[in-house]
Structures are given as structure tokens and as C-alpha cells.
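# Fold and contact review
Single-letter residue listing:
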Amino acid sequence: GVLSRSAFRINDGIGVYLKYASEPKPPARDYIFTFNKSNKDELTRIASQSDKTYIAFVCIDGRHICCIEYEEFQEWLAKRHKALGHVEDTSTILVNLPKGKEFRVNMNQPGRRKLYLDNPLLVPRNRFPDALFE
């Protein structure tokens, strides 16, 4: 298959998939990252070829990169699937960067714009790039 311009392999066993958003959107000031079916298929392929796969959310305006494990991404998709009752082709991950604190990763409740799906996943700011070199 064609290699993605968003996917990179580090060392032998680590895959990284990059997504970027230029600025946070009101009202919650979340960075919004959209994954369509081909993005998800690509991620599945990368994960099948790597010991460990990360998704790096590049938050341009905040000048930070939030890094989550592929398994954590899958858990969010599963929560959303459960709330929705079916698999969706396009999924949206929300990343929030409160000043001086850890990243908050979340999704919206189905059909509810301003309500989060669950308690946020807290991600240390230094997980990227530290995790890639473990």
C-alpha cells in the first residue's frame, strides 16, 4: 500500500501518526482532530506493523504536541461506539491544553456539541517525545 505522509517509523518497533490543528476552537478552546475512515484504516495498518503506535496531536497555537497510545485512541472509539450504538466513519478527538497543566483528551457525546463523552484522558506534556525513545 501507499505509505502515508502522516505516518513515521522510529527505530524498528515504534509507529507515529501525526495530526495537526492550528488553533483551539471556542467555546471550550479544544483543538479538534478528525479521523476519517481512511485515517483509521491507515492507523490500523501502522499498528499491525509496529510493536507500539502513537498518535501525535500537534497543537500549533499552543506550541505543544499531545501524544497518546493507539490503544487509548481505540478505547475512545469504543466509548463513542457504545454511546452512539454504531460505528461512525468519521471520529473527532478533542484535545485541551489548560495553562500549566496536562493535556485533556476527550470526545463529544453523540448529538451534543458541548457535552464531553467521559472524564478526560490526562496526558503529561512531556510524553512527547519521551515515549518515542523508551
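Source: prediction; values computed, not measured. (Residues numbered from 1 in each chain as written. Predicted model: local features only at pLDDT ≥ 70, side-chain atom pairs only at ≥ 80, totals over all residues. Heavy atoms only, no water.)

The next point concerns the overall build of the protein. Summing up its helical and strand segments, the protein has 3 helices and 10 strands in all. Shown N-terminal to C-terminal, the secondary structure of the protein runs as helices and strands in the order β-β-β-α-β-β-α-β-β-β-β-β-α. For 134 residues, the compact-globule estimate of 2.2 N^0.38 gives 14 Å, and the protein sits close to it at 14 Å. Across its three principal axes, the protein shows a C-alpha extent of roughly 40 × 35 × 20 Å. Within the protein, the fraction of its 134 residues that count as buried is 40%. Look at the contacts in the protein between residues 6 or more apart in sequence, and 56% of them connect residues 24 or more apart. Here the protein displays about 8,200 Å² of accessible surface, and carbon together with sulfur accounts for 50% of that area. Across the protein, the mean location of the 21 positive side-chain charges is 8 Å away from that of the 17 negative side-chain charges. (Helix = DSSP H or I, 4+ residues; strand = E, 2+ residues; numbered from the N terminus. Rg over C-alpha atoms; globule rule 2.2 N^0.38 Å. Buried < 20%, exposed > 50% of the residue type's maximum accessible area, 1.4 Å probe, protein only. Contact = heavy atoms within 4.5 Å. Areas by Shrake-Rupley, 256 points an atom, 1.4 Å probe, with all protein chains shown as cover. Lys, Arg positive; Asp, Glu negative; His and termini not counted. Charge placed at Lys NZ, Arg CZ, Asp CG, Glu CD.)

Let's shift gears to the pattern of salt bridges. Under the counting rule described, the total for this entry stands at 6 salt bridges. A salt bridge links Asp41 to Lys37, with the nearest nitrogen and oxygen atoms 3.3 Å apart. Placement of the pair is Asp41 and Lys37 together in helix H1 (residues 37-48), with a separation of 4 residues, close to one helical turn. Look at Lys37 and you get partly exposed, because its relative accessible area is 46%. Taking the shortest distance from any N to any O, the salt bridge between Arg80 and Glu88 comes out at 2.8 Å. Each member of the pair, Arg80 as well as Glu88, carries the same accessibility label: buried. (Salt bridge = Lys/Arg side-chain N within 4 Å of Asp/Glu carboxyl O.)

The next thing to look at is the sheet that holds strand S1 (residues 7-10). Ordered in space as S1-S2-S4-S5, the 4 strands form an open sheet in which the pairing is mixed. Of all the strands in the sheet, just S1 and strand S5 (64-69) have a single pairing partner and so form its edges. Across the sheet, the mean angle separating the axes of adjacent strands is 30° when strand polarity is ignored. Relative to strand S4 (residues 52-59), strand S2 (residues 14-21) is paired through 8 bridges, and the arrangement is parallel. (Pairing = 2+ DSSP bridges. Axes fitted to C-alpha atoms, helices over the stretch in contact; angles between N-to-C directions.)

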